[in-house]
Structures are given as structure tokens and as C-alpha cells.
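Listed here are the chains, written in short residue letters.
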Amino acid sequence: MNKKRENKFASSTYLFSLIKISSLIYIVFLFFISLIFPAPLGAPGNYYVVKHTIKAVWFLIWIQELISHSLNFVYLLILGSIFLFCLPFIKRVQVEYAKWFNRELKIIHLTFVSIILIILILTIIGMFFRGENWQLKI
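In this text, all values refer to a predicted model and were calculated from it rather than measured experimentally. (Residues numbered from 1 in each chain as written. Predicted model: local features only at pLDDT ≥ 70, side-chain atom pairs only at ≥ 80, totals over all residues. Heavy atoms only, no water.)

### Remarks on the pattern of salt bridges
A side chain with one charge may pair with a side chain of the opposite charge, provided their charged atoms come close.
Working step 1: Following the criterion strictly, the structure yields one salt bridge and no others.
Working step 2: Here Glu65 and Arg130 are joined by a salt bridge, their closest N and O atoms 2.8 Å apart. One end of the pair, Glu65, is in helix α3 (residues 61-69); the other, Arg130, is in the segment after α5 (106-128), with 65 residues separating them in the sequence. Like Glu65, the residue Arg130 is buried in the burial classification. (Salt bridge = Lys/Arg side-chain N within 4 Å of Asp/Glu carboxyl O. Helix = DSSP H or I, 4+ residues; strand = E, 2+ residues; numbered from the N terminus. Buried < 20%, exposed > 50% of the residue type's maximum accessible area, 1.4 Å probe, protein only.)

### Comments concerning the packing of aromatic side chains
Working step 1: Scanning the model with the defined rule gives three aromatic pairs in all.
Working step 2: Ring geometry for Phe31 against Phe32: centres 5.5 Å apart, planes inclined by 70°, an arrangement best described as edge-to-face. (Phe/Tyr/Trp six-rings, centres within 6.5 Å; stacked < 30°, edge-to-face > 60°.)

### Focus: a nonpolar patch on the surface
Working step 1: On the surface, a nonpolar cluster with roughly 1200 Å² of combined accessible area is contributed by Leu24, Tyr26, Val28, Phe29, Leu30, Phe31, Phe32, Ile33, Leu35, Ile36 and Phe37.
Working step 2: Locating Leu35 in the fold gives a position in helix α2 (residues 13-36).
Working step 3: The class for Leu35 is exposed, based on a relative accessible area of 55%. (Patch = residues over 30% accessible without salt bridge, like charges linked within 9 Å, V, L, I, M, F, W, Y side chains within 5 Å. Areas by Shrake-Rupley, 256 points an atom, 1.4 Å probe, with all protein chains shown as cover.)

### Regarding the packing of α3 against helix α4 (residues 73-90)
Working step 1: Running from N to C, α3 and α4 cross one another at 135°; their axes reach a closest spacing of 8 Å. As summarised for this structure, α3 and α4 are arranged oblique, according to the angle between their axes. Facing Trp62, Ile63, Leu66, Ile67 and His69 of α3, the residues of α4 in contact are Phe73, Val74 and Leu77.
Working step 2: Residues that form the contact of α3 with α4 fall into these classes: seven nonpolar, one polar and no charged. (Axes fitted to C-alpha atoms, helices over the stretch in contact; angles between N-to-C directions. Parallel < 35°, antiparallel > 145°, perpendicular 65-115°, else oblique. Contact = heavy atoms within 4.5 Å. Nonpolar A, V, L, I, M, F, W, Y, C, P; charged D, E, K, R; others polar.)

### So, the side chain of Glu65
Working step 1: Taking the relative accessible area as the measure of exposure, Glu65 reaches 2% and is therefore buried.
Working step 2: Every residue in contact with Glu65, bar those within four places of it in the chain, is listed here: Leu122, Ile125, Gly126, Arg130 and Trp134.

### Digging into the packing of α3 against α5
Working step 1: As a packed pair, α3 and α5 sit with axes 8 Å apart at the nearest point and diverge in direction by 80°. By the criterion of interaxial angle, the relationship of α3 to α5 is roughly perpendicular. In contact with Ile61, Trp62, Glu65 and Leu66 of α3, α5 contributes Ile119, Leu122, Thr123, Ile125, Gly126 and Met127.
Working step 2: Tallied by class, the residues present in the contact of α3 with α5 amount to seven nonpolar, two polar and one charged.

Below, the structure written as C-alpha cells:
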């Protein structure tokens, strides 16, 4: 029980106060920047007139691309999110020191990289190969 505590270091309270101060400065900075440069929003929405399908923002467009094929892919997104949350806990390996792409964790690394590649491909398709009314253009 005592061995686990030997490898841990006490953290300084100065570090946390520095983080709090820098976070507060950053929030105030963002507030004033948002006053100077307002968000480029369009006209208010009219629920009675819908012209065409609107593209999502670039970091969510892969979800729009996935759901455009079938609404049942929502369940895949939920299960995938749960899987990614549990991914670090699937295989626990005790190592002496950390290193990138450890051989014992090769399957986990490949799974994560393949999920990221799928998300990137869906984002590129949705961003550059979808036109008016979400029609595929080549």
C-alpha cells in the first residue's frame, strides 16, 4: 500500500493559483474580444420557411454526413462514444516508462487511429463533396 505513494509527488498550491489567474485572464480576454468582433450569425430563423439543408460547422459535419445515410447511425455514435471513453481501461499494461505507440497497446492505438481516419474522411466528404440540399457532387 505504501509503494504506490512513493512514486507520487506533492503538487504546489502556487501552480493551481497560477492556473486560476491565467484562466480568469483568458476568460476576460475572450469576453472583450467577443464584444469587439461579434459572431457572424445570419438572420433570425423562420420556422415556417426552410430553404434547404444547412451544413453543420466543420467539426460536426462528419456527424451530419453519417446521419444523412440513416438515422439509426445515432446509436452507432452513442456506442462509439462509450467505447472511446472506455478505451484506456480496456487493457492495462504496467510499463517502466511511457513511450509513444507501445507494442503492448498496438490494437488500442490502431483502433483509435482508424476511428480518427473515419471521422476525417466523413468530414472531407461532407465539407467538399456535398452541395445544395446535401446532394453528393463530384
